[in-house]
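Read off the chains here:
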Amino acid sequence: MSGFFAMGGYAAYVWPAYAAALIALGGVTLMSLFARARVRRELRARGLDRRGAKS
Amino acid sequence: MAGMHALANPARFQRFSARALPWSAGLTAILLLVGLYMAFFVAPPDYQQKETVRIMFVHVPAAWWSMAGYAFLAGLGAALLVWKHPLAALMARAAAPVGAAFAATCLITGSFWGRPMWGTWWVWDARLTSMLVLFFLFLGHIALSRAFDSPERGDKAAAILALVGVINLPIIKFSVDWWNTLHQPASVMKLGGTTIHSSILIPLLVMAVAFFMLFVTLVLMRTETEIGRRRLEMAALAAE
């Protein structure tokens with residue numbers, strides 16, 4: 001298993017690359033989820049959440 | 001009244017999105033798990049690039065979908081400017097940050113791949129520079145869409161930028177053929193068929209579909225948010 005994590009001597013490049021991908025793509029996913037939750041909360045607070053409610 | 005009309009299409013979108021999102025999100029998660037497993041445990045190390053080739057399984061899908069995502073953004077720009085489609089502007093606002101994240105992923109993973117294989121984190125050659133330009137086009141779209149007091153003006157300015165920037169897509173694609181570059185030429189999408197062995201090609205394609213589903217999921221979810229945000233703005237205007 002330690003051989004796996006060593007990545008044939010390239011661990012210092014392979015794992016940071018995957019970490020960067022996780023941060024960029026995970027980051028935009030989390031931001032999207034938070035933004036959706038916030039807008040839904042505000043829509044509810046103004047009584048605009050139900051479909052067909054007056055715009 | 002005009003507002004009600006503009007929401008006719010978005011309301012239909014909300015119904016579609018509410019049904020599609022759980023499926024696209026679930027498919028994204030499953031494909032990512034399968035794709036990552038294949039990338040690390042099925043694909044063999046490359047005979048020249050050794051284990052660094054595993055970076056390709058995120059680098060190449062991120063590159064493909066950031067470029068396709070930009071083409072989508074430009075298509076939305078045309079839909080807004082030519083056909084005044086009410087959903088296009090909201091979808092473009094939703095898609096631009098996702099495209100930026102994909103482009104950033106491509107650039108950073110490429111840097112971590114370039115260092116051990118080329119001996120440098122970065123070179124200002126045609127492929128890398130045009131990819132950096134793509135990243136800045138996404139950022140420019142985000143900035144322009146927010147630069148005006150009226151969101152409609154921002155939408156139009158960003159749509160024009162998206163259309164002008166399309167010229168960068170063929171430059172990225174053919175940069176490896178037109179100029180000398182450290183970047184290797186295409187090996188999957190080329191005339192005469194792919195030159196990659198299936199043990200590497202199949203994991204790559206699974207990851208590519210996973211990234212596509214991630215893009216779709218995020219754009220659907222973020223478009224919902226933009227529709228809600230526009231409704232809040234209209235309600236605030238009506239209350240004045």
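Summarised in this report is the structure supplied together with it. (Residues numbered from 1 in each chain as written. Chains lettered and ligands numbered in written order. Predicted model: local features only at pLDDT ≥ 70, side-chain atom pairs only at ≥ 80, totals over all residues.)

**Looking at the overall build of chain B**
- A tally of regular secondary structure across chain B gives eight helices and zero strands.
- Along chain B, helices (α) and strands (β) appear in the sequence α-α-α-α-α-α-α-α when read from the amino end.
- Each principal axis of the C-alpha atoms in chain B carries an extent, and together these give about 65 × 35 × 30 Å.
- For chain B, with 240 residues in total, the buried portion stands at 40%. (Helix = DSSP H or I, 4+ residues; strand = E, 2+ residues; numbered from the N terminus. Buried ≥ 20, exposed ≤ 12 C-beta atoms within 10 Å, placed from the backbone.)

**Focus: the interface of chain A and chain B**
- Tallying the contact residues gives 26 residues for chain A and 35 residues for chain B.
- Across the side of chain A that touches chain B, the residue classes break down as 16 nonpolar, five polar and five charged. (Contact = placed C-beta atoms within 7 Å. Nonpolar A, V, L, I, M, F, W, Y, C, P; charged D, E, K, R; others polar.)

**Points about unusual backbone geometry**
Residues and elements named next belong to chain B.
- One non-glycine residue, Lys 50, adopts positive backbone phi at about 55°.
- Inspection of the secondary structure assignment puts Lys 50 in the loop between helix H2 (8-42) and helix H3 (56-81).
- Here Lys 50 falls in the partly exposed class, since 16 other C-beta atoms lie within 10 Å of it.

**Re the environment of B:Met221**
All names here are of chain B.
- By the element assignment, Met 221 lies in helix H8 (residues 198-239).
- With 20 C-beta atoms packed within 10 Å, Met 221 lands in the buried category.
- Along the primary structure Met 221 and Leu 33 are separated by 188 residues, whereas in three dimensions their C-alpha atoms are 21 Å apart.

**Topic: the nonpolar core**
- Among the nonpolar cores identified, the biggest contains 70 residues, and B:Met91, B:Ala92, B:Ala95, B:Ala103 and B:Leu134 are the most heavily contacted of them.
- Put simply, the parts of the chain that give this core at least two residues each are helix H2 (11-45) of chain A together with H3, helix H4 (88-118), helix H5 (126-145), helix H6 (151-164) and H8 of chain B.
- The dominant element in this core, judged by the number of residues it contributes, is H4(B), at 19 residues. (Core = buried A, V, L, I, M, F, W, Y, C linked by C-beta atoms within 7 Å.)

**Quick word on the environment of B:Gln14**
All names here are of chain B.
- Within the secondary structure, Gln 14 sits in helix H2.
- Assessed through the 16 C-beta atoms surrounding it within 10 Å, Gln 14 is described here as partly exposed.
- Placed 207 residues apart in sequence, Gln 14 and Met 221 show a C-alpha to C-alpha distance of 9.6 Å.

**Focus: the environment of B:Leu31**
- Within the element layout of this structure, B:Leu31 appears in helix H2.
- Linking B:Leu31 and B:Glu240, residues 209 residues apart in sequence, is a C-alpha distance of 48 Å.

**Examining H5(B)**
Residues and elements named next belong to chain B.
- In this model, H5 (20 residues) spans 28 Å end to end at C-alpha, consistent with the 28 Å of a helix rising 1.5 Å per residue.
- Every buried residue of H5 is accounted for by Arg 127, Leu 128, Met 131, Leu 134, Phe 135, Leu 137, Phe 138, His 141, Leu 144 and Ser 145.
- Where the residues of H5 are buried, they touch H3, H4, H6 and helix H7 (168-178). (Expected span 1.5 Å × (residues − 1).)

**Let's talk about the packing of H5(B) against H6(B)**
Residues and elements named next belong to chain B.
- At a closest axis distance of 7 Å, the pairing of H5 and H6 adopts a crossing angle of 160°. Considered as vectors, H5 and H6 are oriented roughly antiparallel to each other. As H5 packs across H6, the resulting crossing turns out to be right-handed. Residues Leu 137, Gly 140, His 141, Leu 144 and Ser 145 of H5 form the contact with H6, whose own contacting residues are Gly 154, Asp 155, Ala 157, Ala 158, Leu 161 and Ala 162.
- For the contact of H5 with H6, the residue count by class is six nonpolar, four polar and one charged. (Axes fitted to C-alpha atoms, helices over the stretch in contact; angles between N-to-C directions. Parallel < 35°, antiparallel > 145°, perpendicular 65-115°, else oblique. Left-handed = near helix turned anticlockwise from the far one by under 90°.)

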